[in-house]
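Examining the three-dimensional arrangement
Read off the chains here:
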Amino acid sequence: MLFLAVAPVSALAATGGVSAGGASATVAPPAAVGGAAPTTTTTTPAVKKPHAPVTSKSTSLVYKGAVYEKTVTGQVIPYVAPQTPGEVTSSTGGSVVGVAADTKPDLLVPGSTARVVDGLAAAPMSAPPAVQEIIWAGDQIIG
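Here's what I pulled together on the structure shown here. (Residues numbered from 1 in each chain as written. Predicted model: local features only at pLDDT ≥ 70, side-chain atom pairs only at ≥ 80, totals over all residues. Heavy atoms only, no water.)

Helix and strand content of the protein chain: 2 helices and 7 strands. Taking all 143 residues of the protein chain together, the buried fraction comes to 13%. Put simply, of all contacts in the protein chain between residues at least 6 apart along the chain, 35% involve residues at least 24 apart. Accessible surface, the protein chain: about 11,300 Å² in total, of which carbon and sulfur atoms supply 62%. (Helix = DSSP H or I, 4+ residues; strand = E, 2+ residues; numbered from the N terminus. Buried < 20%, exposed > 50% of the residue type's maximum accessible area, 1.4 Å probe, protein only. Contact = heavy atoms within 4.5 Å. Areas by Shrake-Rupley, 256 points an atom, 1.4 Å probe, with all protein chains shown as cover.)

This part takes up the sheet that holds strand β3 (residues 68–70). Here we have 5 strands laid out as an open sheet, ordered β4-β3-β5-β7-β6, and mixed in their pairing. The sheet terminates laterally at β4 (76–78) and β6 (115–117), the two strands that pair on one side only. The sheet shows a mean angle of 45 degrees between the axes of neighbouring strands, taken without regard to direction. Relative to strand β7 (residues 120–124), β6 runs antiparallel, the two sharing 3 bridges. (Pairing = 2+ DSSP bridges. Axes fitted to C-alpha atoms, helices over the stretch in contact; angles between N-to-C directions.)

Next up on the list: helix α2 (residues 129–141). With 13 residues, α2 extends 19 Å from end C-alpha to end C-alpha; this agrees with the ideal 18 Å at 1.5 Å per step. Burial in α2 covers these residues: Q132, I135, W136 and D139. Angular distribution of buried residues about the axis of α2 spans 95 degrees; they occupy a single face of the element. Summarising the geometry of α2, the exposed residues directed more than 90 degrees from the buried face are A130, I134 and I141. (Expected span 1.5 Å × (residues − 1). Arc of directions from axis to C-beta.)

So, about unusual backbone geometry. Here D118, not a glycine, exhibits a phi torsion of approximately 50 degrees, which is positive. Mapped onto the elements of the fold, D118 is located in the loop between β6 and β7.

Another point: the pairing of β7. The element β7 is extensively covered by neighbouring structure, given that 4 of its 5 residues are classed as buried. Relative to β7, strand β5 (residues 106–109) runs parallel, the two being bridged by 2 bridges. If you follow L108 over to β7, its bridge partner there is A123. Count of turn residues in the β6/β7 antiparallel hairpin: 2 residues, of which D118 carries a positive phi of about 50 degrees.

A few words now on the nonpolar core. Counting residues in each nonpolar core, the largest one holds 7 residues, listed as V67, Y79, L107, V109, V117, L120 and A122. Those elements giving two or more residues to this core turn out to be β5 and β7. Excluding residues that lie within four positions of it along the chain, A122 makes contacts with L107, L108, V109, A114, R115, V117 and I135. (Core = buried A, V, L, I, M, F, W, Y, C linked by side-chain atoms within 4.5 Å.)

Now the structure itself:
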(Lines give C-alpha, C1' and ligand atoms only; values in the text may rest on other atoms or scores of the structure.)
Protein backbone atom coordinates (compact mmCIF):
# COMPACT_ATOMS: atom_id res chain seq x y z
CA MET A 1 0.00 0.00 0.00
CA LEU A 2 1.38 3.41 -1.01
CA PHE A 3 0.36 6.66 0.74
CA LEU A 4 1.24 9.96 -0.86
CA ALA A 5 1.00 13.15 1.24
CA VAL A 6 1.18 16.37 -0.71
CA ALA A 7 1.23 19.84 0.87
CA PRO A 8 -0.13 22.73 -1.19
CA VAL A 9 2.57 24.99 -2.57
CA SER A 10 1.81 28.71 -2.63
CA ALA A 11 1.70 30.43 -6.00
CA LEU A 12 4.54 32.74 -5.01
CA ALA A 13 6.83 29.88 -4.03
CA ALA A 14 6.13 28.03 -7.26
CA THR A 15 6.96 31.02 -9.46
CA GLY A 16 9.84 32.40 -7.41
CA GLY A 17 8.08 35.74 -6.83
CA VAL A 18 8.51 38.17 -3.98
CA SER A 19 6.37 37.72 -0.88
CA ALA A 20 3.92 40.39 0.30
CA GLY A 21 6.38 41.41 3.03
CA GLY A 22 8.78 42.50 0.30
CA ALA A 23 11.87 40.60 1.51
CA SER A 24 12.40 37.45 -0.51
CA ALA A 25 10.68 34.17 -1.27
CA THR A 26 12.27 30.83 -0.48
CA VAL A 27 11.63 28.09 -3.00
CA ALA A 28 12.02 24.50 -1.86
CA PRO A 29 11.82 21.75 -4.48
CA PRO A 30 8.98 19.25 -3.94
CA ALA A 31 9.75 15.91 -2.31
CA ALA A 32 10.53 13.02 -4.61
CA VAL A 33 7.95 10.22 -4.62
CA GLY A 34 9.06 7.44 -2.29
CA GLY A 35 12.19 9.32 -1.15
CA ALA A 36 13.31 12.03 1.21
CA ALA A 37 13.04 15.67 0.26
CA PRO A 38 16.29 17.36 -0.71
CA THR A 39 17.55 19.88 1.85
CA THR A 40 18.66 22.53 -0.67
CA THR A 41 16.66 25.75 -0.91
CA THR A 42 16.93 28.57 -3.41
CA THR A 43 16.48 32.19 -2.32
CA THR A 44 15.54 34.89 -4.82
CA PRO A 45 16.54 38.46 -3.93
CA ALA A 46 13.82 41.07 -3.44
CA VAL A 47 13.59 43.67 -6.18
CA LYS A 48 13.05 47.16 -4.82
CA LYS A 49 11.51 49.60 -7.26
CA PRO A 50 12.25 53.30 -6.75
CA HIS A 51 9.35 55.58 -6.01
CA ALA A 52 8.36 58.10 -8.63
CA PRO A 53 9.74 61.54 -7.81
CA VAL A 54 7.34 64.31 -6.87
CA THR A 55 7.69 67.06 -9.43
CA SER A 56 6.09 70.40 -10.11
CA LYS A 57 5.92 72.46 -13.27
CA SER A 58 6.10 75.60 -11.18
CA THR A 59 9.24 76.80 -9.43
CA SER A 60 7.18 78.54 -6.77
CA LEU A 61 4.10 77.19 -5.05
CA VAL A 62 3.20 80.46 -3.34
CA TYR A 63 -0.29 81.64 -4.33
CA LYS A 64 -0.54 85.40 -4.76
CA GLY A 65 -4.07 85.77 -6.12
CA ALA A 66 -7.35 86.83 -4.53
CA VAL A 67 -8.46 84.89 -1.45
CA TYR A 68 -11.94 84.91 0.04
CA GLU A 69 -13.47 83.54 3.21
CA LYS A 70 -16.89 81.94 3.56
CA THR A 71 -18.48 83.01 6.84
CA VAL A 72 -20.77 80.90 9.01
CA THR A 73 -23.75 82.78 7.53
CA GLY A 74 -22.67 81.79 4.00
CA GLN A 75 -21.36 85.19 2.91
CA VAL A 76 -18.20 85.29 0.83
CA ILE A 77 -15.94 88.13 1.94
CA PRO A 78 -12.30 89.03 1.17
CA TYR A 79 -9.92 87.15 3.48
CA VAL A 80 -7.76 89.14 5.85
CA ALA A 81 -5.09 87.13 7.69
CA PRO A 82 -5.40 87.55 11.46
CA GLN A 83 -2.72 89.59 13.21
CA THR A 84 -0.63 88.09 15.96
CA PRO A 85 -0.39 90.06 19.22
CA GLY A 86 3.16 91.14 18.33
CA GLU A 87 1.98 92.68 15.05
CA VAL A 88 -0.65 94.94 16.61
CA THR A 89 0.33 98.55 16.24
CA SER A 90 -2.06 100.67 18.18
CA SER A 91 -1.57 104.28 19.14
CA THR A 92 -3.25 103.60 22.48
CA GLY A 93 -1.02 100.68 23.42
CA GLY A 94 -3.98 98.35 23.89
CA SER A 95 -4.10 94.64 23.26
CA VAL A 96 -6.03 92.48 20.83
CA VAL A 97 -9.73 92.29 21.64
CA GLY A 98 -11.51 88.95 21.54
CA VAL A 99 -10.47 85.36 21.71
CA ALA A 100 -8.64 83.52 18.97
CA ALA A 101 -10.96 81.22 17.03
CA ASP A 102 -10.60 77.49 17.65
CA THR A 103 -11.50 76.73 14.03
CA LYS A 104 -9.72 77.63 10.82
CA PRO A 105 -11.36 79.91 8.23
CA ASP A 106 -13.11 78.40 5.20
CA LEU A 107 -10.95 79.86 2.42
CA LEU A 108 -11.99 80.15 -1.22
CA VAL A 109 -9.98 80.98 -4.35
CA PRO A 110 -11.29 81.79 -7.83
CA GLY A 111 -11.11 79.06 -10.45
CA SER A 112 -11.18 75.27 -10.33
CA THR A 113 -7.89 74.47 -8.55
CA ALA A 114 -7.39 74.32 -4.79
CA ARG A 115 -4.46 76.41 -3.50
CA VAL A 116 -2.42 76.62 -0.31
CA VAL A 117 -2.73 80.00 1.42
CA ASP A 118 -0.80 80.67 4.64
CA GLY A 119 -0.50 76.92 5.29
CA LEU A 120 -4.23 76.26 4.79
CA ALA A 121 -5.96 74.70 1.81
CA ALA A 122 -8.28 77.07 -0.02
CA ALA A 123 -11.13 75.42 -1.92
CA PRO A 124 -11.89 76.51 -5.48
CA MET A 125 -15.05 78.57 -5.89
CA SER A 126 -16.22 76.48 -8.85
CA ALA A 127 -15.99 73.20 -6.90
CA PRO A 128 -19.19 71.55 -5.67
CA PRO A 129 -20.08 72.33 -2.03
CA ALA A 130 -19.25 68.74 -0.98
CA VAL A 131 -15.71 69.09 -2.33
CA GLN A 132 -15.28 72.45 -0.61
CA GLU A 133 -16.40 70.89 2.69
CA ILE A 134 -13.86 68.08 2.31
CA ILE A 135 -11.03 70.56 1.74
CA TRP A 136 -12.06 72.64 4.74
CA ALA A 137 -12.35 69.52 6.92
CA GLY A 138 -8.72 68.76 6.06
CA ASP A 139 -7.77 72.24 7.29
CA GLN A 140 -9.38 71.48 10.66
CA ILE A 141 -7.37 68.27 11.01
CA ILE A 142 -3.91 69.76 10.47
CA GLY A 143 -4.03 71.58 13.79
